Amino acid sequence: MDPNTHRGPEEYGEQGGSADRPAPAFGGAPGGSGGLARVVRLVSGPYLVTINPVDGSEIEPCPPGERPAAPGKLDPQERAAAARAAAPPLPPGPPGSSAHDGALEERTEDIERLVRLLSRGRSVRVTGPSGSGRTRLLDAVATACGDLAPDGVVRLSGYHRTATDLLYALFAAVHQAPQHRPDRPELLRMVAEIGAIVVLDDLEFGGAALDELLDATPECAFLIAATPDVAAPSAGSHLEEVFLGGIGRAGCVRLLERAVDRPLTDDEAAWAADLWFESEGLPLRFVQAAALLRQRDRSRSQAGALDDGYGLFPAEPPEADTTDAAAGEPSEAPLPSLGEAAAPAPLLASRLTEAARETLRFAVALGGELPHQAHLPALTQDTHADAALGELLACGLITPVGSHYRLAATVLDQLTAAGYGEDAATRAHTAAQHYAWWAGHPSVTPERAAAEADAALAAMGVLTGSRESGHASTAVLLARTAAPAFAAALHWSAWERSLRHGQEAARLAGEVAEEAYFHHELGVLALCTGSIDRARAELEASIGLRGVLSDRNGAVAGRRALALVTDRSRAASAPTAAVPQLPAAVADRQPAAPKTPAAASPDAVPTAKLRLPGAAEAPATPAARGAAQTADTAATAAVPAVAGHAAKGGAGRLLGGARRNMVAAGAGALLVAVLGTVVTLGMTSGGEDTHDGKVTTEQTTEDDTPELPAEQPATGSGRPSTGTGTAKPDTARHSGAPSPSTSGTAASDTPSDAGTAPTDPATDPTRQTGTPPEPTGRPTPPTHTPTDEPTGPTPTTPTDSPTAPTPTGSTGGSASQSPSQSSAASSSSSSSSDSGSSGGGTPSGTSGTTSGTQSAPTA
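Small disclaimer: the values here were computed from a predicted structure and weren't measured. Sequence order sets the numbering: in each chain, residues are counted from 1 along the sequence as written. The predicted origin of the model limits local features to residues at a pLDDT of at least 70 and limits the giving and counting of side-chain atom pairs to 80 or more, whereas totals for whole chains, interfaces and linings rest on all residues. The basis for every side-chain value is the complete set of non-hydrogen atoms in the structure, without hydrogens or water.

1. Things to note about the overall build of the protein
And step 1. Only DSSP runs of H or I with at least four residues qualify as helices, and only runs of E with at least two residues qualify as strands; both kinds are numbered from the N terminus onward. When helices and strands are counted, the protein shows 31 helices and 14 strands.
And step 2. Evaluated residue by residue, the protein yields a buried proportion of 44% over its 859 residues.
And step 3. Note on contacts: a residue pair is in contact if any heavy atoms of the two residues lie within 4.5 Å. For the protein, restricting intrachain contacts to residue pairs at least 6 apart in sequence, the fraction spanning at least 24 positions comes to 75%.
And step 4. Accessible surface for the protein amounts to roughly 40,900 Å². Of this, 55% is attributable to carbon and sulfur atoms. The cut-offs for exposure are 20% and 50% of the maximum accessible area for each residue type, with area from a 1.4 Å probe on protein chains only; residues under the lower value are buried, those over the upper are exposed, and the others partly exposed. Note on areas: Shrake-Rupley with a 1.4 Å probe; residue coverage comes only from the protein chains shown.

Below you can see the structure in the form of structure tokens.
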């Protein structure tokens, strides 16, 4: 029997049907002997993936012409055909010979309750121990709910599946989308429109993962079956909980009588009662007990009397019974003990055919996974080994899981303890060699290969952990052959697991070229699933290994995929890294932290003239006015410096990131605050002695006497009173943006110009009402005459005599000034007068000593 050709109806227990033509290799032309064309093109989200098992899969952005049409939904007939194809194969033999064809005992009320809940749109979680009949119950409920939902009933298996795998399986069961795997947003949009009753068996997760599955399918009602050791659903999932236990004693007796097709004797009824008490009424235990009773009945009958021609009942009885018959002893066999009935797997297996026992050994070697019945003749070297599936199913030793069978609960442990696990690595190696040859055959479609994914992956896992010679290389061969088939069948969880096994086995075997291939495939898979960082790491590892091997074609394929990863990572980081250019109006309002003092920038002078505060914004005290003036001048002088520098660099130059702008703005504000505080402290802590107990412009009164003026000039204060429309000659020196011609050597030695004498203090809008005291001194006349005429406007004739400032420096310093320095001082005074005249007033309270820290260019 060739397992690589379609046997047609023979695979499902029907004889005489015509076999189909061999299926074409996926990506190849029809025909059973075509070339090994293993290339498949499929669409995964925005990518076009070419499955190439030679050099590695290729991925590129999907061209518009390659985009598939919108997936359409299957009609009821197509859904029924897809469900039959996904069901596990029926064992050969007459109908009704399987133990799963009998009626359920004491489950009528449970079925009615579940149907009632599902018809209301409620989701239900059935929890029961292994062997309680959960799968049979779900089958009965699914049959009764066939017409409740518009998209019918969808059967899914949660065995070794994640929430994402189940979402894609639900999408494939309802929609017709060949060679198309939508991305996550499109998948969620499509499954949200599905209205079906989803019967989900063998669920292996709960909690947040289950909530994700339920939230993505709001129009579906779920019937979920799980064991008690699976995580419980969250409190907000709104799942109805139904616990499924064992059946009653009377139901167990009826199950036994129906299975053996006769009434039970008194001894058998007592034996069944003891078994019911020990097993808590689990139906699986009584299915196995019924198999023991049938074997006991056959042992009492004549050899070959019950042979039905299908191999279900062997023609030769077991050797022990043959010996007893030859000795002439009676063939009456005792009932199994209660211990044997509690763990009946070794006793049941000992009375099966040799092919069935060898099949159990392979299942134990593969971790409980049973190969498809079409592979059993090649594995066991017995042409009739496909009939062993019926034997095992009738005895209750195997149970259906998804589209295949595996050993029932506790059977694996019982058989391992009985010695069926000997030479497990050798049998796993044999199975891996067989699957590697079979999966690479041109007649095997990706869907058929994906149906055997669990058995193939189990063989890979055993060989990867084995340290025997040649086992790792066989695992590499199987992974290299089966992984492209899993990818083409869109069974990507199996694809990833096979790549992981293959990469580890290649590392152990020292096959560098194969290890590079698996790294490349893992990178392509990660890129398709949106894991950019993992894709980059895998592809870089693959390129490095292929560079060592001088594999040019493989390296080119890896670099192409890596370039796409780079493009996607840049596109993903562009919205967060790009900083838009600030408009001019916004840039003028943004404070910046200059690298040099703002006063040193020539661009700050005209801007400082436009940023004078109005009369309504003037602070009440001289100290506060000085601090505000310093802060405003520094803040407004900093922005034009940055703007002028940016203008020189080009209008299209991008600023720093948002975080850098915030740090710079904070630093600038902090610098302005510190400078204002320092200036204010310097003004209020002058070292000059006051005269006559009067408060000067650098001091404030500590009492709250209302009749004292806010500003009383005194002798030696260094500043005359100001009036409307007048300007001090040292205004530029006190501001944060001085003129480049300001002299730092004679800041306070040069008095006010005669033509710029202040007016009556009573006309100053910034002064409080009240008559200031008479000045106590006269200003010191200048020691020399300026050489140039001032550039400022014609000053207003003073109406009062100015207060004579006390020089802070020595008079010898003024006498030693050169004519050019005097000219520079005069120019600075004129410029300051122009600034004060245009602003309508000069803020007072600035320190005359601050200009001494500013340097002027050499004349």
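The discussion continues.
2. A look at the packing of aromatic side chains
And step 1. In this scheme Phe, Tyr and Trp rings, the latter by its six-membered ring, pair at centre separations within 6.5 Å, and the angle between planes marks the pair as stacked below 30 degrees, edge-to-face above 60, and tilted otherwise. Scanning the model with the defined rule gives three aromatic pairs in all.
And step 2. Judged by centre distance (6.2 Å) and plane angle (70°), the ring pair of Y435 and W438 falls under edge-to-face. Here Y435 pairs with W438, and both are found in helix 17 (residues 424-439), just three residues apart, close to one helical turn. In this structure, Y435 and W438 share a single accessibility class: buried.

3. Digging into the environment of A487
And step 1. Counting through the fold element by element, A487 comes out in helix 20 (residues 471-488).
And step 2. C-alpha separation for the pair A487 and I51, spaced 436 residues apart in sequence, amounts to 7.5 Å.
And step 3. Sequence-distant contacts of A487, defined by excluding residues within four places in its chain, comprise L42, I51, W492 and W495.

4. Things to note about the pattern of salt bridges
And step 1. Salt bridges, as used here, are contacts in which a Lys or Arg side-chain nitrogen is within 4 Å of a carboxyl oxygen on Asp or Glu. Overall, the coordinates contain 27 salt bridges when judged by the stated rule.
And step 2. Put simply, E106 and R254 hold a salt bridge, and the shortest N to O gap is 3.9 Å. One end of the pair, E106, is in the loop between helix 1 (76-86) and helix 2 (108-119); the other, R254, is in helix 7 (residues 249-260), with 148 residues separating them in the sequence.
And step 3. With relative accessibility at 40%, the residue E106 sits in the partly exposed group.
And step 4. Through salt bridges with shared partners, a single network forms among E354, R357, E358, R361 and R427.

5. Remarks on the sheet that holds strand 3 (residues 58-61)
And step 1. Taken together, four strands build an open sheet; the order of strands is 3-2-1-8 and the sheet is mixed. Across the chains shown, the open sheet's two edge strands, defined by having one partner strand only, are strand 3 and strand 8 (180-181).
And step 2. Bridging between strand 1 (residues 40-44) and strand 2 (residues 47-51) involves five bridges; their strand directions are antiparallel. Looking at the pairing, L42 lines up with V49 of strand 2. A pair of strands counts as paired when DSSP detects no fewer than two bridges linking them.

6. Details of the packing of helix 17 against helix 20
And step 1. All axes here are fitted lines through C-alpha atoms, helices being fitted over the stretch that makes contact, and every angle between N-to-C directions spans 0 to 180 degrees. At a minimum axis distance of 9 Å, the contact between helix 17 and helix 20 shows a crossing angle of 30°. Accordingly, the angle class assigned to the pair helix 17 and helix 20 is roughly parallel. In this structure, helix 17 meets helix 20 at a crossing whose hand is left-handed. Each of A425, H429, A432, Q433, Y435, A436 and A439 in helix 17 lies in contact with helix 20, whose residues at this interface are H471, T474, L477, L478, T481 and A482.
And step 2. Its residues assigned to classes, the contact of helix 17 with helix 20 comprises eight nonpolar, five polar and no charged. In these notes the angle categories are as follows: under 35 degrees is roughly parallel, over 145 is roughly antiparallel, 65 to 115 is roughly perpendicular, and the rest is oblique. By the definition used in this description, the sense in which the near helix is turned from the far one sets the handedness, with an anticlockwise turn below a right angle giving left-handed and a clockwise turn giving right-handed. Gly counts as polar in this scheme, as do all residues outside two lists: the nonpolar Ala, Val, Leu, Ile, Met, Phe, Trp, Tyr, Cys and Pro, and the charged Asp, Glu, Lys and Arg.

7. Quick notes on helix 19 (residues 453-465)
Note: α-helices contain 3.6 residues per turn, so residues at a spacing of three or four share the same orientation.
And step 1. Under the convention used throughout, the expected extent of a helix is 1.5 Å for every residue step, that is, one less than its residue count. Taking 1.5 Å of rise per residue, 13 residues should cover 18 Å, and helix 19 covers 18 Å from first to last C-alpha, within 8% of that figure.
And step 2. Within helix 19, 10 of the 13 residues are buried, which leaves it mostly tucked inside the rest of the structure.
And step 3. Turning to helix 19, its buried residues number three or more, namely A453, D454, A455, A456, L457, A458, A459, M460, L463 and T464.
And step 4. Looking at the buried positions of helix 19, the neighbouring elements they touch are strand 12 (369-370), strand 14 (404-407), helix 17, helix 18 (446-451), helix 20 and helix 21 (492-509).

8. Focus on a nonpolar patch on the surface
And step 1. Residues qualify for a patch when their relative accessible area is over 30% and they have no salt bridge, like charges being joined within 9 Å and the nonpolar side chains of Val, Leu, Ile, Met, Phe, Trp and Tyr within 5 Å. A cluster of nonpolar side chains, contributed by V512, V548 and L549, occupies part of the molecular surface with about 250 Å² of accessible area.
And step 2. You can see V548 is positioned in helix 23 (residues 532-549).

9. Details of the sheet that holds strand 13 (residues 398-401)
Strand pairing in a sheet relies on backbone hydrogen bonds, with the paired strands running either antiparallel or parallel.
And step 1. Here we have three strands laid out as an open sheet, ordered 12-14-13, and antiparallel in their pairing. For this open sheet the edge positions go to strand 12 and strand 13, each flanked by a neighbour on one side alone.
And step 2. Relative to strand 14, strand 12 runs antiparallel, the two being bridged by two bridges. Bridging from a neighbouring strand, E369 pairs with R406 of strand 14.

10. Quick look at the nonpolar core
And step 1. Ranked by internal contacts, the top residues of the largest apolar core, which has 59 residues, are V49, I59, L478, F486, W495 and L527.
And step 2. Ranked by residues supplied to this core, first place goes to helix 20 with 10 residues.
And step 3. For V49, the contacting residues outside a window of four places in its chain are V40, R41, L42, S44, E58, I59, V524 and C528.
And step 4. Among buried residues, those of type Ala, Val, Leu, Ile, Met, Phe, Trp, Tyr and Cys that are joined through side-chain atoms within 4.5 Å constitute a nonpolar core. In this structure, L166, V174, A196 and L210 belong to the second largest nonpolar core, which totals 29 residues.

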